[in-house]
Each structure stands twice: as C-alpha cells, then as structure tokens.
Amino acid sequence: MDRFIIRGGRPLHGEITIGGAKNAGLKLLVAGLLTSERLVLTNVPHIADIATMRALLTQHGLTVETVNGDKTTLSVGGEITSTEAPYDIVSKMRASILVLGPLLARCREAKVSLPGGCAIGTRPVDMHLKGLETLGATITLENGYIHARAPNGLVGDRIVLPFASVGATENLMMAATLAKGRTEIVNAAREPEMADLANCLNAMGAKITGAGTGHIIIDGVEALHGAQHRIMSDRIECGTYACAAAITGGDLRLIGGQIEHLGAVVRAFEEAGVEVTQEGDAMRVRRTGALRGVDIMTEPYPGFPTDMQAQFMALLSVAEGASMITETIFENRFMHVPELNRMGARINVHGSSAIIRGVHSLSGAPVMATDLRASFSLIIAGLAAHGETILSRVYHLDRGYEAVERKLAACGAQIERVND
Ligand code: EPZ
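These numbers come from a predicted model, not from an experiment.

**Student:** What am I meant to see in the site of the ligand here?
**Tutor:** The full set close to the ligand counts 22 residues, and Lys27, Met127, Ser165, Asp307 and Ile329 are the nearest of them. In the model, an oxygen atom of the ligand is placed 2.9 Å from a nitrogen or oxygen of the Lys22 side chain. Between Arg373 and the ligand, the recorded distance is 2.8 Å, taken from a side-chain N or O atom to an oxygen atom. Class assignment of the residues belonging to the shell around the ligand gives a composition of 10 nonpolar, five polar and seven charged. When residues of the shell around the ligand are sorted by domain, at least three fall in each of domain 1 (2-19 + 233-419) and domain 2 (22-230).

**Student:** Honestly, the UniProt feature "binding site: UDP-N-acetyl-alpha-D-glucosamine" (unreviewed entry) in the protein in this entry has me stumped. Any pointers?
**Tutor:** In the numbering adopted here, UniProt assigns the feature "binding site: UDP-N-acetyl-alpha-D-glucosamine" (unreviewed entry) to Arg94, Asp307 and Ile329. Looking at the element boundaries, Arg94 is found in the loop between α3 (87-90) and α4 (100-107). With relative accessibility at 14%, the residue Arg94 sits in the buried group. Setting aside its immediate chain neighbours within four residues, Arg94 contacts Pro115, Gly116, Cys118, Arg123 and Val125. Mapped onto the secondary structure, Asp307 falls in the loop between β18 (296-297) and α10 (309-316). Residue class for Asp307 comes out buried when judged on its relative accessible area of 16%. Filtering out sequence-adjacent residues up to four positions away, Asp307 remains in contact with Asn23, Ile236, Arg333 and Arg373.

**Student:** Would you mind showing me how to read the domain arrangement of the protein here?
**Tutor:** By a frequent convention, interface size equals the accessible area lost on bringing the separate parts together. Examined at the domain level, the protein breaks down into domain 1 (2-19 + 233-419) and domain 2 (22-230). Relative placement of domain 1 and domain 2: their C-alpha centres are 30 Å apart. With 24 residues of domain 1 at the contact, the number on the domain 2 side is 22 residues. Interface of domain 1 and domain 2: buried area, both sides summed, is about 1800 Å²; carbon and sulfur atoms make up 53% of it. If you sort the residues of domain 1 by the area they bury against domain 2, Tyr301, Arg399 and Glu402 come out on top, with a joint share of 32%.

**Student:** Would you mind going over the UniProt feature "active site" (unreviewed entry) in the protein with me for this structure?
**Tutor:** Taking the UniProt record as the reference, the feature "active site" (unreviewed entry) is found at Cys118. Relative to the elements of secondary structure, Cys118 occurs in the loop between β7 (109-113) and α5 (126-134). Aside from chain neighbours lying at most four places away, what touches Cys118 is Arg94 and Arg123.

**Student:** What am I meant to see in the pattern of salt bridges here?
**Tutor:** Opposite charge on two side chains permits them to pair, given that their charged atoms come into close proximity. One pass over the structure, following the stated rule, counts 22 salt bridges. Here Lys111 makes a salt bridge to Glu84, at a shortest N to O gap of 3.7 Å. Here Lys111 is found in strand β7, whereas its partner Glu84 is found in strand β6 (residues 84-85), with 27 residues between them in sequence. Taking the relative accessible area as the measure of exposure, Lys111 reaches 28% and is therefore partly exposed. The residue Arg182 makes a salt bridge to Asp219 at a minimum N-O spacing of 2.7 Å. Remark: Asp219 occurs in strand β13 (residues 215-219) and Arg182 occurs in strand β11 (residues 182-186); sequence separation between them is 37 residues. Looking at Arg182, the relative accessible area reads 48%, which means it is partly exposed. Several salt bridges converge on common partners, so that one network encompasses Glu15, Asp251, Arg253, Glu279 and Arg284.

About the thresholds
Residues numbered from 1 in each chain as written. Predicted model: local features only at pLDDT ≥ 70, side-chain atom pairs only at ≥ 80, totals over all residues. Heavy atoms only, no water. Near = heavy atom within 4 Å. Polar contact = N/O pair within 3.5 Å; in protein donor to acceptor, adjacent residues only side chain to side chain. Nonpolar A, V, L, I, M, F, W, Y, C, P; charged D, E, K, R; others polar. Domains from an automatic or database assignment. UniProt positions renumbered as here; feature names shortened; annotations may be inferred. Helix = DSSP H or I, 4+ residues; strand = E, 2+ residues; numbered from the N terminus. Buried < 20%, exposed > 50% of the residue type's maximum accessible area, 1.4 Å probe, protein only. Contact = heavy atoms within 4.5 Å. Buried area = accessible area lost by both parts, 1.4 Å probe. Salt bridge = Lys/Arg side-chain N within 4 Å of Asp/Glu carboxyl O.

Printed below as a string of structure tokens:
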C-alpha cells in the first residue's frame, strides 16, 4: 500500500488546477443509462471512484471509453444488458445506488445491492426508496438486494423529502425525467452539483426547472438523447487546497475555483483570518496574519459542507483561541480527531461537537487515513507540522483526489509517495 512522507513548515506558493467534481461526475456518468445514445463528458477527474463507476456501468452493458486518448473525456453509451448492480461493486462505492432510478425509468426493473454503511455513517437509502415508490415503483428487499419494479413505467408525482438528501434528490431527478407527467421534489438538495446534473439532463432532452433551489420540477419525456457536458470544477477539492494554503501561510491561485460554490466556507475562512478572492477563473487564497478560531456547524448547501469539516478542523488546530465544530450530517465523521491529536492537536469530541483548542504548532508523526476527507486533513496538518509525517492507507485519498503529491510539490511542499 502507498504512503505519503511529508516534511512540514514550507508555505505553499503558486497555482493548482482544480479538476472536475467527483460528486458531480459520478452521477453524470450514471445519466448515461438514461439514453441509448452516447453521452460525452469532459473535465472528468482521474480518480479511483470514477474507475469504479466505469466498471459498474460496463457490467450493465454500457461502453465507457476515453475519447481520442484524452483521459479527461469519457464517452458513455450503449444498450443496457443487465439491470443488476452487484454487492461487490456497490459495497465499494455507495454512489452506486444512483443507478437504481435510471434503471427503473429506462428498463422498468432493477436489482441493486443495498450499499450498507461506511466509515462515516450508516448511510441509509430510505428516502431514495420511498421517493421511487411515490413514482409508482414496487420495491422489496430480499437477501441484501433492492428489487424495484415498475411494469407500466413510472408516473410523476409530488415528493417531499424529510431531509435535503443529495443522493435522493439526484436519484429521483434522474428517474423522473422518463416518468409520465410532472414530478415535484420539495425540500430538494441545493448543492451546485444538482444544477450541474440538471443542466446535463436538459441537454439530453429532459425538462427540469428549479435545480439548485429546494423545489425542483421535472416534466417527463418519452426518451433522452445524447449530449456533451463539461463537469463543474470540484468545489471541495478547491476548499481543501485553500486550507493547505492557509495553514502554511502561503498564497495559492486555485485555477477553476469558484467562490460562489463554497457557500459558508468563504465566511469561515474570512473569520479565521484567511483572505479569499476571485481573480478571473481562479480563486486566490492567502494568509499573512494570525489564524483565529471560529465556530462551525455543517449543514446542507449553502451551509458549511460536511465534506470540508475534517480539512477545516486541521486548519483550526493551529489557530489562536478555541473553535467548536458541530457535525450535523453524518454520525461518525470525527475519525481524524485521534490522528490529529497524535500530531499535538488538542481536540475533544463531545457527541456531535468537537472542541478545538488551538496550539502553537503541530509535530510530525506516523498517522493513518480512515476516510477520504480525513486523509486530506492529515496532509494539511503535516504540511504545517515540524518534522516528518508519514500517512498510511493513502488509497482512501486516491478515491477522490487526483495527483495530490504532484499538485502540492509543484507549490513548494515537501511530499512524496512511497510504495510499501
Ligand atoms: C453525498 O452523499 C456526497 N457523496 C457526500 O460526499 C456528501 O458528504 C453528502 O452528499 C452530503 O453533502 C456523493 O455525492 C457521492 P445525503 P449522500 O443523501 O448522497 C441521510 C465525500 O466525501 N440519509 O445528502 O449519501 C444520510 O445518512 C462524500 O465526497 C438518510 O437518512 O448524502 C446522511 O446522514 C462523503 N436516508 C444525510 O442524510 C436517505 O435515504 C446526508 O445524506 C439518504 C440520506
């Protein structure tokens, strides 16, 4: 397994190109199930989860291939030959559950493994299932699989989500594109990835309005056709590298970063003493003064995103004064805390809140990645720590971040990947 060796204490300066958004790209690939024609996606990130999704769609019968040798452009299409999503793939990547709605809409049946939990929580899919039942599907759970049927096709209806679930919004939006009549999703997720998906689906011939607001309307159509769509830039990757610039007292231009996609994170940076400005197609992040502690609560967009919580905690671990972070989205997303404390941080967890007492400096140590965002929070800490940090289980990081060591080293970081 690969490890990272990081020697801290060097401010980051220069430019980093932000790639396509993992949490948009995965669903945009799934949209390829909704048409027999080819969907071409550009700005595709080169990460492990995309490879897993390619494998899943291929076993459904689709062809997913790069175009003209350009690994950032994928063409997906073909006829569906299997409506079963097997446990061995779904258990590796929870986003696989998003094939359920499209398979049901296109083939009127689907057999998808229940995803099970993951490191950060139990991650149920009840809202996905109840929403599809509202659209007329019959759903039973047998032997760890979801069996969904809609022999007469899906019929549009009004769905009120009890929570603004990202995945449920996406699954239902895609399913509704081919339903008979109008579907309304009330209390829909408002994350920018919703609008990106709707823009792609509309380019394919869907009729969706309101994506990005809490009220999405989808008027079903007979069929969707092929299209080309550029995946939006990854706002979480952007915010992640912004934390790296801030903790090292550096000055980075994040090419492709868009301030308006970061919601409450921008205000949190400013309260913490970090300067964030939009300079054309780049978001510039610099810190010249002291870091200040701030209180944060994770919330659905436009609130502070849970996917930025671990990275921001690493930053606050060396701020002046105390901070409190409350995680309201997932029940077990503080696994980076004991690892940060091994590096000298002073963090105490009380239920869904963590109290961070800023320390003057961190010290490098051998630490272990536990999940995608936690793994990068340890890199951020290592970039500021005195001495050497060795991060193991880097495969967690490779699921969602591309070429981390190359991007950081190009800005002055002392970081290298070693293979055991
Ligand atoms: C997406 O997960 C993202 N993943 C997550 O990013 C992100 O943290 C999350 O949205 C919130 O923004 C992808 O897009 C692939 P949810 P998702 O449905 O769709 C509960 C990362 O690091 N819930 O909004 O699973 C659920 O348990 C990953 O890139 C139900 O109870 O998130 C959780 O507590 C991690 N029933 C909360 O809602 C349901 O049917 C948020 O879940 C669905 C969700």
